[in-house]
Each structure stands twice: as structure tokens, then as C-alpha cells.
Amino acid sequence: MSLNLNVEDANNNSISLEDCYNNAWVCLLNKPQKLQKYVCAVCKQIANNAVELHCGQHAEVYIIGEKCLKNHLKNNKEKCPIENHQGCKYSEVRFVRQDVNALQVICPRQYKLGQYKGKIQTHRPKMTDEGMEEDGSEEKNGNVCNYQGTIKSLYSHLEGNCKLKPFHCEFKKFGCNTMLNQSHRDKHMLSEMKEHLDLVDKHINELQNDLTKLRKENNDLHLQLTKKQSEVEGLTEEKNELNAQILQYQQQSQVKPQLIVEKKEEKTEEKVLRDMADIDSKQLLKSCQDMIALSSLVIPALQNTVDYLLISEDKRKIKLKNNQWNNFRFGIYLLGEGVILTADCGKSNNATEFELGYLMIKTSHLWIKHKKSAIDCSGLGYPSDLGPGKGGQATTIGNGSVGGGGGYGTKGGEGTENGDGKGGDVYGEETLSKQIFCGSGGGTCREDEHIIHRGGRGGGVIELVVEQQLINHGKLQCNGKRGEDSSTFGGGGSGGSILIKLQSHNALQHTMGNITCTGGNHSNENKGGDGRVAIYGIKITAEEMKNINPKPFHQIRLKHSKKNKKLNHFK
Ligand SMILES: [Zn+2]
Ligand SMILES: [Zn+2]
Ligand SMILES: [Zn+2]
Ligand SMILES: [Zn+2]
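Residues numbered from 1 in each chain as written. Chains lettered and ligands numbered in written order. Predicted model: local features only at pLDDT ≥ 70, side-chain atom pairs only at ≥ 80, totals over all residues. Heavy atoms only, no water.

A. The overall build of the chain, seen in detail. Across its full length, the chain carries 12 helices and 23 strands. Looking at the 571 residues of the chain, the share that counts as buried comes to 47%. Within the chain, counting contacts between residues at least 6 apart in sequence, those at least 24 apart form 66% of the total. Carbon and sulfur atoms make up 49% of the accessible area of the chain, which amounts to about 30,500 Å² in all. (Helix = DSSP H or I, 4+ residues; strand = E, 2+ residues; numbered from the N terminus. Buried < 20%, exposed > 50% of the residue type's maximum accessible area, 1.4 Å probe, protein only. Contact = heavy atoms within 4.5 Å. Areas by Shrake-Rupley, 256 points an atom, 1.4 Å probe, with all protein chains shown as cover.)

Listed below in C-alpha cells is the structure:
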């Protein structure tokens, strides 16, 4: 049986540390006579892990290596290697094992190379049980293992410091699978140089191919990404359009309750109100704050001053188209301080050439944020001495005579002296749904033959349709103007008209705020009369009523306004 190492060798042989030990190898450092009592009865080599065979069938006791015995029994149907019988009896012999383990040997790899030239030392005072590394006086080039030591310490030598221990070629990662030890290495590197370089080339080629493939995959992915991105953009646009449509539908659908109500006149006011609230609660109404977030984020395509009107700057005066509907489908938001919204009546403002201010606004939302901001058509009604309720002119020159105040919702005020102008008459009707008028001018008076003091202009008209939410922290006003004065005093103009329709009823929280159509010169005897206010579609609390002057005509049902109602223009 040849010597085998169970460690992978340079030539892919294995060295077994379980088989019995090669006799010739062990004899290199031990006298053969001394070894006779350790010889394995099966393989005739030095018994490894010795056992004693003491079957009853034969008187003599035999020493056998444990692996040899087990292999024999396995291969011979459990029959004894000495005599052909079953039921072998054996046990380990500790003293033989100890003796064998203590035997001195040289490195089995060195023995296998057949190049052992070391001196066999009979006296080795430095020798320990763990073995001893010889300082090889010859062969210092590293191709020789000069190890001498006990069999017991062989394993740690072969796995540890053995100079002949095999290792992988450095080019293994490129595909060279040769095992080397130090004696082979230089020769291998020289002889395999070309093969090694070829392997490296091949590896580089493979890497380059991989790289090309990855680059292509990367390009493909990039193309896919670009495609997906444009898909996302397209879908986002679609989504925005849909959002805009939804808002539009919401607004359109809110007109319906009004029609339903018109057909069911027999219902009580309370019942109608409940029905309206039911319908409203099913709709997705938006507050003013919601709308501002929506118009800037969700619907970036919406345009300020076109789709909606949002003024954040302070002290801006905005003139909207006069005498025609100004539609802001996505709301009006006066967020700055001192922002004034009015009707564009041109510059004409005299007795013969003037334009009455009639501001018509239809919007989803109206939010007036600051108390100094307003929708204001004050003084855009009839000028001095004009209008259906014009104030009377003073008949006396000088002498403190005053012109009469214009009338509209109430009669204009007048002085008590002879020669004071008379107060103007009441006209129009309270619902503002059949007729709607501007306030009338106050009457003039004369300080002397040359100096005339004109009466104040009447208030204009605001007609406001709010589809969802009204928040008024500022003012809605169409007041009459004060007359010119010094020692005499022109009459005050009468207030104009404000008509408000809230189509969402009380589904959202509204703030009515300050609403006035009062006459000019209001603390004087020749003050202008009140204008008219009418509010539809919402409950108004007593607290809110205090800030509305004059007291409005008020109806929770939305009046179906006549299509042809127009500003009644008296000259
Ligand atoms: Zn054996
Ligand atoms: Zn036997
Ligand atoms: Zn060795
Ligand atoms: Zn190699």
C-alpha cells in the first residue's frame, strides 16, 4: 500500500493520515527491528490506529491498522482476515498507538519527491513531541522540506509550515487550475507564461463583452425610462384636464337645485332648504383655500385674470368690464390689503356724458381677505341733478341753501329752509329681480351767481353670483357720494344696488361681511336716500344683518332671474 496524503498534493495525489504508514518511509529514521511489533497483519506496513485481533478461533493475537481491518471486513462479508470465520473480536491497543505516534519521520511530501538528502540524526536533543523544523544546510532555495518530527505532529506540519505545501497558481482566477508548491512554481510560471497571458486576454475579452452587453442593456433601460417618463407626463396632463372637467361639472351641477325648486313652488321654505342642503352635501364643494391650492398645483394651466382672479399685492385697483358678465370660473381672491375691484366706466363723469357703473360678476368663489379691500361701485350712479330720484336744486342763491338728496330705496333728505332743494323720490322695487337701478344724483345749489356746488353722484350696481363660497372680510359697497360744499351744500347722491346670489346655499360656511348702499351726506339733512340690497340663497344671521345697510330683501330660495332684465337707464 502506497503512502497517501489526504491533503491535496501538487500532483493531485492525496496523502492519507488514516491508512497504515509506509514502512520504507518510517524506516528512514527508525531501526526496522524496532518496528516489527507495529506491522499491520493485513497490509504489512506500520499500523495506523492499531487494533488487536483476539477472536476465539485462533490463539495468536494480531496487530492491524483500524482502517485496514474495517476495509477488509467490509470487502469480505465480515470474515476475519486471519481465518475464514465470522464475528471478529478486536479492541484498540493504546500502547501500540502511542509508540507509533511517537515515531520520528521526515516530511511525507519530501519523501514522495524522492529527493530526501537530509542527514539522519541519531541524537536529536532539541526534538520535541511537536516536531522540529530543520535548518536545512543544503537546498536553501526553498524546494526542500527538511522537516523531521513525530507522526503525531505530521498533520499540523502538512497543513502548516511545510515548504512543499501545495497552493493554487496565481492565475487560477483567470482559469489555470494547476496546484503548485514552491519547487514547481517558478518552472510553471516560465513554461505557462503564454498560456497564462492567453487566459488573461480571454478574461479581458469576456469582461469587455460583458461591458458591451451591460452598456447595451443600460441604453435599452434608458430608452424605456424616457418612454415611461413621457407616458407619465402625458397621463399627468390628462389627469389635469380631467380635474378641470370635474370642477366644471361640479359647478354646473350646482345650478340644478335652483331649477328643481322652481318647479315645486308648493313646498314650504323650510322643506326647500332641507332639500337643497341634501343635494349640496352630495356635491364636492371646495372652500376658497382649497381652490387656491388647486389652481396653483393641480391645474397649472389655469390663468390668472382669465380663469380666476388672484390679487396678492396691496393697494391695487382692478377695473372689470362694465355692464357685462365677468366670469371667473375658478374664483376671485383679493388677498392683498387695500385691493379695490370696480367697474370700468371710462373717464367720462359729467352731467352730459357719463357711464353708469353696473358690475356683473359670476364666480365660483369670492374671497375678500382684508378689511380695507372692497368691491366698490360707489359714486358710479347718476351724476348731480340726474336720475329717476334726482335731488331737487336749491332755488335760492347763497344764503346757506342746500340741494336735495337723491332718492332710491328711500326718499332723499332735504333742508327745512325756503329755497332748499326737495329730496328725490323713491323708485324701483325691493327684490331687484325685475328691475335694478343705480342711485340718483343730489341736487345742486349756488353759492353766488358764478359758483355752483354740485350734488353727489348716486351709487352704482353690483350683481354678484357666487357658485360655491363667499368670504367677505372687506366691503361690498355702492354708496352715494357727498355733495360739494362750502357755505352752501349740494345734495347727497342716493345709494345704488347690490344683488347677491349664493348657489351653494349653506353647504359651505359663508361670511357675508360689510355690505352697504347708503346715501352721501349721511349725517346731514340733505343726505342721499338708501339704495337697495337683495340677497338670495342663504340664511343670514341677526349678527350678519347688522353689517348690511340698508336692511336687505332676503330670500333663501334662488329667484329665477328674468333673462332680459337690464339695467334701467333713465337719463
Ligand atoms: Zn494495514
Ligand atoms: Zn480472526
Ligand atoms: Zn514537509
Ligand atoms: Zn498556472
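Alright, that's what it looks like, and here's the rest.
B. Spatial organisation of the coordination of the zinc ion (ligand 1). Each protein donor to the zinc ion (ligand 1) is listed here as C20 (SG), C40 (SG), C43 (SG) and C68 (SG); together their distances run 2.1 to 2.5 Å. Around the zinc ion (ligand 1) sit four donor atoms; with metal-centred angles ranging over 95 to 121°, the donor geometry is tetrahedral. (Donors = N, O, S within 2.8 Å, 3.2 Å for Na, K, Ca; no water. Tetrahedral: all angles 85-135°; square planar, octahedral: opposite > 155°, others 65-115°.)

C. Structural context of the coordination of the zinc ion (ligand 4). The protein atoms that coordinate the zinc ion (ligand 4) are C169 (SG), C176 (SG), H188 (NE2) and H196 (NE2), at distances of 1.8 to 2.3 Å. Taken together, the four donor atoms coordinating the zinc ion (ligand 4) and their angles of 94 to 124° define a geometry best described as tetrahedral. The sequence pattern describing where the donors of the zinc ion (ligand 4) fall on their chain is C-x6-C-x11-H-x7-H. With respect to class, C169 is no different from C176; both count as buried.

D. Region of the structure containing the nonpolar core. Membership of the largest hydrophobic core comes to 38 residues, with the highest contact counts inside it found for V26, I46, V100 and L103. Elements that contribute at least two residues to this core include exactly α1 (23-27), β1 (50-53), β2 (62-65), α3 (66-75), α4 (94-101), β4 (104-106) and α6 (154-159). (Core = buried A, V, L, I, M, F, W, Y, C linked by side-chain atoms within 4.5 Å.)

E. Focus on the pattern of salt bridges. Summed over all chains, the structure comprises 16 salt bridges. For E92, the salt bridge goes to R97, with nearest N and O atoms at 3.5 Å. R97 sits in the buried class, given a relative accessible area of 16%. Residues participating in the shared-partner salt-bridge network are E66, K70, E92, R94 and R97. (Salt bridge = Lys/Arg side-chain N within 4 Å of Asp/Glu carboxyl O.)

F. How the structure looks around the sheet that holds strand β20 (residues 514-516). Taken in spatial order, the six strands line up as β9-β12-β14-β18-β20-β22 in an open sheet, and their pairing is parallel. Strands at the two margins of the open sheet, each flanked by one partner only, are β9 (317-320) and β22 (548-549). (Pairing = 2+ DSSP bridges.)

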